[in-house]
Amino acid sequence: MLLEKIIYYYSVFILGYSITVTALYLILIVVSWRRLREFVGIIQANITSVSHYTKPISIVVPAYNEDQIIVDCVQSFLQLDYPEFEVIVVNDGSTDQTLTKLIQSFDLYPVELNSDQKIETAHIKQAYKSNTYADLILLDKENGGKADALNAGINTSVYPLFCAIDADCIIEKDALLRIVSPFLKHEETVAVGGMVRIANGSEIKNGQIVQTKIPKKMIERFQVIEYFRAFLTSRIGWQQYNALMIISGAFGLFKKAAVIEVGGFEKTIGEDMELILRLHKKFRQTGETYHIDFASDAVCWTQAPDSYKGLESQRIRWHRGLFDSLNRHKEMIGRPKYGVVGLASMPYFFLVELLGPVIEMIGYIVMAFAIYLGIFSSSVIFIFLLTCLMGILFSYSAILFEEISYKRYGSLKDILVLFAVSILEQFYYRQLTVWWRVKAFFNYNKGSKKWGTIERKNFDSEKKM
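To keep things clear, this report deals only with the structure shown in the data block. (Residues numbered from 1 in each chain as written. Predicted model: local features only at pLDDT ≥ 70, side-chain atom pairs only at ≥ 80, totals over all residues. Heavy atoms only, no water.)

1. A look at the nonpolar core
Phase 1 of the analysis: Formed by 136 residues in total, the largest nonpolar core has its most connected members in Ile59 and Phe254.
Phase 2 of the analysis: Among the elements that take part in this core, helix α7 (residues 218-239) stands out by supplying 10 residues, more than any other.
Phase 3 of the analysis: Discounting residues that sit within four places of it in the chain, Ile59 has contacts with Leu80, Phe85, Glu86, Val87, Ile88, Cys163, Ile165 and Leu176. (Core = buried A, V, L, I, M, F, W, Y, C linked by side-chain atoms within 4.5 Å. Buried < 20%, exposed > 50% of the residue type's maximum accessible area, 1.4 Å probe, protein only. Helix = DSSP H or I, 4+ residues; strand = E, 2+ residues; numbered from the N terminus. Contact = heavy atoms within 4.5 Å.)

Take a look at the structure:
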């Protein structure tokens, strides 16, 4: 029977695929563990030495309809423990009270704009400075999207390094000292990503994390596990080979000259990943020495979606961004000219991160047909369990890395809860995210290139969540 043959051959394929992906995950876990042990051992020494020698930084904060949280976030940025920096908030045509709240809260007044338009952007209507904070600048511009807002901030910035931070984020007071460290150690560094953590559930006052707690909602706990996997295994692993593919748009530090040289941020779905690929391409083509790093001790806290609708929208957008970035730079895939990026990390993201959900979804459909036809075999059960065990292993490794290294969740109860959530995730949440990511391929060309937004809550209300 033709259907039986299809089920059989796809089962063989997905078994081989699962074994291959498992091997890749194990490699990333081992590499990440070795690197994390080295890194944690020198953290304190680094922060002590870095505090005596730094480079000035321009913090660029793009904002669109963030009136619920923008004041707390800007306040937290102004309180950072760093010798010399400026904060540039870019109001990208918000339709809520974002502009009004900023002007009132920070005593802002209009000024003439002295901006070097190295990157073309939408029209800037007015610039503001503060009577209270000398290093705070507000740009009020016509709506052009997040990438356009970042480019406007880059044009206005005066320092050689700029830090792109989302307006829904709070960064720890020493985060700039930690994220700047690679730039001080290696002059060829062009970009460094920071660690992004979930703020939901934690107690926050006056723009600072007072007490770290895991969220109460299961949907938020699932995301805590996801972020651990993404940052403490995958990104540390690829960073070891200078093949990091993405620096989160929530928190990243960049060499301004290098970003301007490649044309700034592109107005695309996944502007953060696309920029990193463009930097890799540029330096690989010219043969210049460069380094793109990740500082796992530089911590940024962000609000995660607390509803399934908001999370679905976010994940579809992220997957479209991945698809768009890989498609824009597909000529790099498999090319020795682009080193580990072209030969390893891009193929991995294409086959595992991009196509993985499609392969897995087809596997669920094949399994359903096998059950319906009464040809459900032990091999099908084995494949499903292997996939689940692989996911649990990856999650457990990330949680252990967190507990051994940074211990932001200090109680044994919190750790045990996260272990339990990792198991539940494989039999419910995983299938949801697979479906959402598959949906990203539908009507891909109609996907919005504009701001992706979720419902915000005042940060001080997080302690009640």
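2. Topic: the sheet that holds strand β12 (residues 291-302)
Phase 1 of the analysis: Spatially, β3-β4-β5-β2-β1-β6-β11-β8-β12-β7 is the arrangement adopted by the 10 strands of the open sheet, whose pairing is mixed. One side of each edge strand has no neighbouring strand; the edge strands of this open sheet are β3 (108-111) and β7 (169-171). Each strand of the sheet is rotated relative to its neighbour by a mean of 30 degrees, with strand direction disregarded.
Phase 2 of the analysis: Alignment of strand β4 (residues 124-130) against strand β5 (residues 136-141), held across 5 bridges, turns out to be antiparallel. (Pairing = 2+ DSSP bridges. Axes fitted to C-alpha atoms, helices over the stretch in contact; angles between N-to-C directions.)

3. A closer look at helix α2 (residues 70-78)
Phase 1 of the analysis: Within α2, 7 of the 9 residues are buried, which leaves it mostly tucked inside the rest of the structure.
Phase 2 of the analysis: Residues of α2 that are buried include every one of Ile70, Asp72, Cys73, Val74, Ser76, Phe77 and Leu78, and no others.

4. As for the packing of helix α12 (residues 356-373) against helix α15 (residues 429-439)
Phase 1 of the analysis: Where α12 meets α15, the axes come as close as 9 Å, and the angle between the chain directions of the two elements is 115 degrees. The two elements α12 and α15 cross, and the hand of that crossing is left-handed. Within the contact between the two elements, α12 uses Pro357, Val358, Glu360, Met361 and Tyr364 and α15 uses Arg430, Gln431, Val434, Trp435, Arg437 and Val438.
Phase 2 of the analysis: Grouping the amino acids of the contact of α12 with α15 by side-chain chemistry returns 7 nonpolar, 1 polar and 3 charged. (Left-handed = near helix turned anticlockwise from the far one by under 90°. Nonpolar A, V, L, I, M, F, W, Y, C, P; charged D, E, K, R; others polar.)

5. A few points about the packing of helix α10 (residues 308-328) against α15
Phase 1 of the analysis: Remark: α10 packs on α15, axes separated minimally by 8 Å, with the N-to-C direction vectors making an angle of 50 degrees. One element, α10, and the other, α15, form an angle in the oblique class. The two elements α10 and α15 cross, and the hand of that crossing is right-handed. Residues Tyr308, Leu311, Glu312, Arg315, Ile316, His319 and Arg320 of α10 form the contact with α15, whose own contacting residues are Tyr429, Leu432, Trp436, Arg437 and Lys439. (Parallel < 35°, antiparallel > 145°, perpendicular 65-115°, else oblique.)

6. Section: unusual backbone geometry
Phase 1 of the analysis: Despite not being glycine, Asp107 shows a phi value in the positive range, around 50 degrees.
Phase 2 of the analysis: Mapped onto the elements of the fold, Asp107 is located in the loop between α3 (98-105) and β3.
Phase 3 of the analysis: Given the relative accessible area of 37%, Asp107 is considered partly exposed.

7. Quick notes on the environment of Val30
Phase 1 of the analysis: By the secondary structure assignment, Val30 is in helix α1 (residues 2-50).
Phase 2 of the analysis: For Val30, a relative accessible area of 47% puts it in the partly exposed group.
Phase 3 of the analysis: With 319 residues separating them along the chain, Val30 and Phe349 place their C-alpha atoms 19 Å apart.

8. Comments concerning the environment of Gln223
Phase 1 of the analysis: Note on placement: Gln223 falls in helix α7.
Phase 2 of the analysis: Counting along the chain gives 67 residues from Gln223 to Thr156, while the straight-line C-alpha distance between them is 35 Å.
Phase 3 of the analysis: In this structure, Gln223 is in contact with Ile198, Ala304, Pro305, Leu311, Gln314, Arg315 and Tyr429, ignoring residues within four places of it in sequence.

9. Examining the packing of aromatic side chains
Phase 1 of the analysis: Under the definition given, this model contains 18 aromatic pairs.
Phase 2 of the analysis: Taking the centre distance of 5.5 Å and the plane angle of 50 degrees together, the rings of Tyr10 and Phe13 count as tilted. One end of the pair is Tyr10 and the other is Phe13, both in helix α1 and 3 residues apart, which spans about a single turn.
Phase 3 of the analysis: Phe13 gets classed as partly exposed once you look at its relative accessible area, which sits at 41%.
Phase 4 of the analysis: The ring of Phe231 carries the charged tip of Arg235 above its face, separated from the ring centre by 4.1 Å.
Phase 5 of the analysis: If you follow Lys282 out to its NZ or CZ, it ends over the ring of Phe283, 4.2 Å from the centre. (Phe/Tyr/Trp six-rings, centres within 6.5 Å; stacked < 30°, edge-to-face > 60°. Lys NZ or Arg CZ within 6 Å of the ring centre and 35° of its normal.)

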